Amino acid sequence: EPEVTQTPSHQVTQMGQEVILRCVPISNHLYFYWYRQILGQKVEFLVSFYNNEISEKSEIFDDQFSVERPDGSNFTLKIRSTKLEDSAMYFCASSTTGELFFGEGSRLTVL
Amino acid sequence: AQSVAQPEDQVNVAEGNPLTVKCTYSVSGNPYLFWYVQYPNRGLQFLLKYITGDNLVKGSYGFEAEFNKSQTSFHLKKPSALVSDSALYFCAVRDPTSRGGGNKLTFGTGTQLKVEL
């Protein structure tokens with residue numbers, strides 16, 4: 001069964017460092033998303049991506065965040081200068097026009 | 001703005017008994033509703049969805065959900081719970097203003113289901 005894969009599964013970084021989280025969406029999917037889940041809290045939408053551009057983004061997705069689909073298979077989330085409050089589980093998802101399929105997540109710990 | 005409410009932080013059920021995890025929603029227009037399950041340290045797994053049609057939706061692992069428009073509810077049910085069903089369950093609603101054809105989802109706060117022997 002096709003699945004969304006994410007790397008790394010866990011990353012520890014120092015505050016102020018840049019982080020790139022990688023995702024390989026399901027191959028025939030057209031829409032790509034990043035969500036995050038701060039420990040013990042709800043799952044929050046960050047950004048959606050379609051046709052090589054951002055469709056929409058939440059207020060969380062400020063100038064420190066960016067997304068890219070560099071090679072037609074990977075979908076990346078970059079955080080330029082991490083803050084303590086960026087510590088969370090980041091989920092990539094992809095879809096056609098129906099339900100979203102989520103990856104296993106990348107846990108980011110900012111020290 | 002759209003929202004979903006999951007009024008119970010935790011639901012405890014004995015194995016073999018029926019289970020219900022509650023969800024109510026608020027959205028303008030026709031609701032697109034989803035249930036996801038999250039096992040410890042895992043991603044979100046899709047269980048079922050309601051887009052249109054029959055109010056009783058059947059999904060994975062024997063789960064079903066009943067859409068009730070008058071009560072704006074979409075409760076998740078299973079006739080006979082298993083210990084392996086113990087997990088965190090999220091209800092979600094599609095944002096009707098989602099742009100570009102995608103499905104931006106708003107999630108509830110989650111309900112921890114604990115099934116005991």
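These remarks concern the structure in this document. (Residues numbered from 1 in each chain as written. Chains lettered and ligands numbered in written order. Predicted model: local features only at pLDDT ≥ 70, side-chain atom pairs only at ≥ 80, totals over all residues. Heavy atoms only, no water.)

## Here's the deal with the sheet that holds strand β8 (residues 75-79) of chain A
Residue and element names in this part refer to chain A. Under the convention used in this document: Strand pairing follows a simple DSSP-based rule, namely that at least 2 bridges must link the two strands. Secondary structure counts use DSSP, requiring at least four H or I residues in a row for a helix and at least two E residues in a row for a strand, with both numbered from the N terminus. Interaxial angle, 0 to 180 degrees, is taken between N-to-C directions of lines fitted to C-alpha atoms, where a helix line uses only the stretch in contact.
Across the sheet, 4 strands lie side by side as β1-β3-β8-β7; this open sheet has antiparallel pairing. Each having just a single partner strand, β1 (5-7) and β7 (65-68) make up the two edges of the open sheet. Pairwise comparison of adjacent strand axes, ignoring direction, gives a mean angle of 20 degrees for this sheet. Note that β1 and strand β3 (residues 19-24) share 3 bridges and pair antiparallel. Paired with Thr7 across the bridge in β3 is Arg22.

## Section: the pairing of strand β9 (residues 73-78) of chain B
A regular strand carries its side chains on alternate faces of the sheet. Residue and element names in this part refer to chain B. What counts here: Three exposure classes are used, based on accessible area relative to the maximum for each residue type with a 1.4 Å probe and protein chains only: buried under 20%, partly exposed in between, and exposed over 50%.
Most of β9 is tucked away, with 5 of its 6 residues classed as buried. Of the strand pairs in this sheet, strand β3 (residues 19-21) and β9 are connected by 3 bridges, and their pairing is antiparallel. From the neighbouring strand, Leu19 faces β9, where its bridge partner is Lys78. Looking at chain direction, strand β8 (residues 64-68) and β9 are connected through 5 bridges and run antiparallel. In the sheet register, Glu64 faces β9, and the bridge partner there is Lys77.

## What to know about the state of the cysteines
Worth spelling out the cut-off: Pairs of cysteine sulfur atoms within 2.5 Å are what we label disulfides.
Scanning the model with the defined rule gives 2 disulfides over all chains in all. The disulfide that involves Cys23(A) links it to Cys92(A), with 2.0 Å between the sulfurs. Negative torsions about the S-S bond denote left-handed disulfides, and the value of about -65 degrees found for Cys23(A) with Cys92(A) makes this one left-handed. In this pair, Cys23(A) is assigned in strand β3 and Cys92(A) in strand β9 (residues 88-95), connecting sequence segments 69 residues apart. Residue class for Cys23(A) comes out buried when judged on its relative accessible area of 0%. Paired through a disulfide, Cys23(B) and Cys91(B) show a sulfur-sulfur distance of 2.0 Å. Classification of the bridge connecting Cys23(B) and Cys91(B) rests on its S-S torsion, roughly -65 degrees, and on that basis the disulfide is left-handed. Of this pair, Cys23(B) sits in the loop between β3 and β4 (24-26) while Cys91(B) sits in strand β10 (residues 87-94), and the two are 68 residues apart along the sequence. Relative accessible area serves as the criterion here: at 0%, Cys91(B) is assigned to the buried category.

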